[in-house]
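Coordinate inspection notes
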Amino acid sequence: MSLEERARRERLLQHAAARADACRLCAIGSLRRNNVYGEGDPCARLMLVGEGPGETEDRLGRPFVGRAGELLDKMIAAIGLAREDVYICNTVKCRPTLDDGGRLRNRPPTPQEMANCRPFLDEQIEIVRPDVILALGAPAAKSFLGQDFQITRMRGRWYDGPHGIPMMVTFHPAYVLRQGGMALTQTKRLVWEDLKAVRARLDQIAHTRAAGEPAQTGM
Ligand code: URA
């Protein structure tokens, strides 16, 4: 990727982030501290899409920097990548909260909030044009693949994401952290299978590209 192209994408992402920051389409737009637009390599081959910012992300304005983020970093490292090599964002850019007796607590984003924020996510995908998208957890998967998506039954397979980009779905790191005992071992094993499939797909696309053949979509 040329330096000019990298700079062009960085500029586009910065402009889009400023527009997302000004958005007040949802009520949470006025409750959050920071708009957590996303971050990473604008030319990343892998994009990770989570659910929505939590408390720490809202405070720091960066995606996946809390406990779930620590595990996500390990998941990325397990397939030979660093956080700087990938692009990380969420289905919604503002922290979805509910008021629990004056204290704001995290909650999943509503379908309407995800729909309102979708143009920002689509724009990110269009600018970065990753080779592979990894959706983290059921809400992210549903936002791409429909409300009928069932994570336990349907994760670990390839889907056609936006622009035909191959998309894999795995468990959300926060879900992994909530497991214990045998369930934890089993969930980690499944996540590892999914990550290995992502690594293999990235390698296959790179190989095909180097050979000058058109990359396969779907699997
Ligand atoms: N969980 C998410 O889905 N996204 C974040 O950015 C942090 C935690």
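The structure reproduced in this document is the subject of the present report. (Residues numbered from 1 in each chain as written. Predicted model: local features only at pLDDT ≥ 70, side-chain atom pairs only at ≥ 80, totals over all residues. Heavy atoms only, no water.)

Moving on, we come to the layout of surface pockets. Computed from the structure, the largest pocket encloses a volume of approximately 630 Å³. If you trace the largest pocket, you find 27 residues lining it, with Glu51, Asn106, His172, Ala174 and Arg178 closest to the centre. Residue assignment for the lining of the largest pocket shows that the elements contributing at least two residues are α3 (55-60), α4 (67-78), α6 (138-145) and α8 (173-178). Looking at the lining of the largest pocket element by element, the count peaks at 4 residues for α8. Taken together, the residues of the lining of the largest pocket break down into 13 nonpolar, 8 polar and 6 charged. (1 Å grid on protein atoms, 1.4 Å probe; cavity = no way out; pocket = protein on both sides within 12 Å on 5 of 7 lines; lining within 4 Å. Points joined across faces, edges and corners; volume = space filled by probe spheres on them. Helix = DSSP H or I, 4+ residues; strand = E, 2+ residues; numbered from the N terminus. Nonpolar A, V, L, I, M, F, W, Y, C, P; charged D, E, K, R; others polar.)

This brings us to the site of the ligand. Lining the immediate surroundings of the ligand are Gly50, Glu51, Gly52, Glu57, Pro63, Phe64, Asn90 and His172. Between Glu51 and the ligand, the recorded distance is 2.8 Å, taken from a backbone N or O atom to an oxygen atom. Within the side chain of Asn90, a nitrogen or oxygen atom sits 2.8 Å from a nitrogen atom of the ligand. Taking 240 Å² as the accessible area of the ligand by itself, protein coverage stands at 92%. With respect to the detected pockets, the ligand is housed in the largest pocket. Of the residues in the shell around the ligand, the class split is 2 nonpolar, 4 polar and 2 charged. (Near = heavy atom within 4 Å. Polar contact = N/O pair within 3.5 Å; in protein donor to acceptor, adjacent residues only side chain to side chain. Areas by Shrake-Rupley, 256 points an atom, 1.4 Å probe, with all protein chains shown as cover. Sits in = over half its atoms within 2 Å of the grid points.)

A word on the pairing of strand β8 (residues 166-170). By the criterion of burial, β8 is predominantly enclosed, with 5 of the 5 residues buried. Of the two faces of β8, the one lined by Pro166, Met168 and Thr170 and the one lined by Met167 and Val169 are each fully buried. In terms of strand pairing, strand β6 (residues 132-136) meets β8 through 4 bridges, oriented parallel. When the sheet's bridge partners are listed, Ala135 is paired in β8 with Val169. (Buried < 20%, exposed > 50% of the residue type's maximum accessible area, 1.4 Å probe, protein only. Pairing = 2+ DSSP bridges.)

Evaluation of the coordinates by the stated rule reveals 19 salt bridges. Across the pair Glu5 and Arg9 runs a salt bridge whose closest N-O atoms are separated by 2.8 Å. Residue Glu5 and its partner Arg9 are located together in helix α1 (residues 3-22), separated by 4 residues, close to a single helical turn. Take Glu5 and Arg9: they sit in the same class, and that class is buried. Salt bridges sharing partners connect three or more residues here, namely Arg33, Glu55, Asp58 and Arg59. (Salt bridge = Lys/Arg side-chain N within 4 Å of Asp/Glu carboxyl O.)

Let us look at empty space enclosed by the protein. Counting across every chain of the model gives 1 cavity of 30 Å³ or more. Here the largest cavity defines a volume of roughly 120 Å³. Along the wall of the largest cavity there are 14 residues; nearest its centre are Cys23, Cys26, Lys93, Cys94 and Cys117. Of all elements in the fold, only α2 (28-31) and α5 (111-128) reach the threshold of two or more residues within the lining of the largest cavity. Among the elements that take part in the lining of the largest cavity, α5 stands out by supplying 4 residues, more than any other.

Tracing the chain through its elements places Leu31 in helix α2. With a relative accessible area of 49%, Leu31 lands in the partly exposed category.

Attention now moves to the packing of α1 against α5. At a closest axis distance of 10 Å, the pairing of α1 and α5 adopts a crossing angle of 175 degrees. Between α1 and α5, the crossing angle belongs to the class labelled roughly antiparallel. Taking contact as the criterion, the partners of Arg9, Leu12, Leu13, Ala16, Arg19 and Ala20 in α1 are, on α5, Phe120, Glu123, Gln124, Ile127 and Val128. A class-by-class count of the residues in the contact of α1 with α5 yields 7 nonpolar, 1 polar and 3 charged. (Axes fitted to C-alpha atoms, helices over the stretch in contact; angles between N-to-C directions. Parallel < 35°, antiparallel > 145°, perpendicular 65-115°, else oblique. Contact = heavy atoms within 4.5 Å.)

Bringing α1 into the picture now. The terminal C-alpha atoms of α1, which comprises 20 residues, lie 29 Å apart, in line with the 28 Å expected from a rise of 1.5 Å per residue. Taken residue by residue, α1 has Glu5, Arg9, Leu13, Ala16 and Ala20 as its buried positions. Seen along its axis, α1 keeps its buried residues to an arc of 65 degrees; they face one direction. With respect to the buried face of α1, the exposed residues turned more than 90 degrees away are Leu3, Glu4, Gln14, His15 and Ala22. (Expected span 1.5 Å × (residues − 1). Arc of directions from axis to C-beta.)

None of the figures reported here should be taken as evidence of function without further support.
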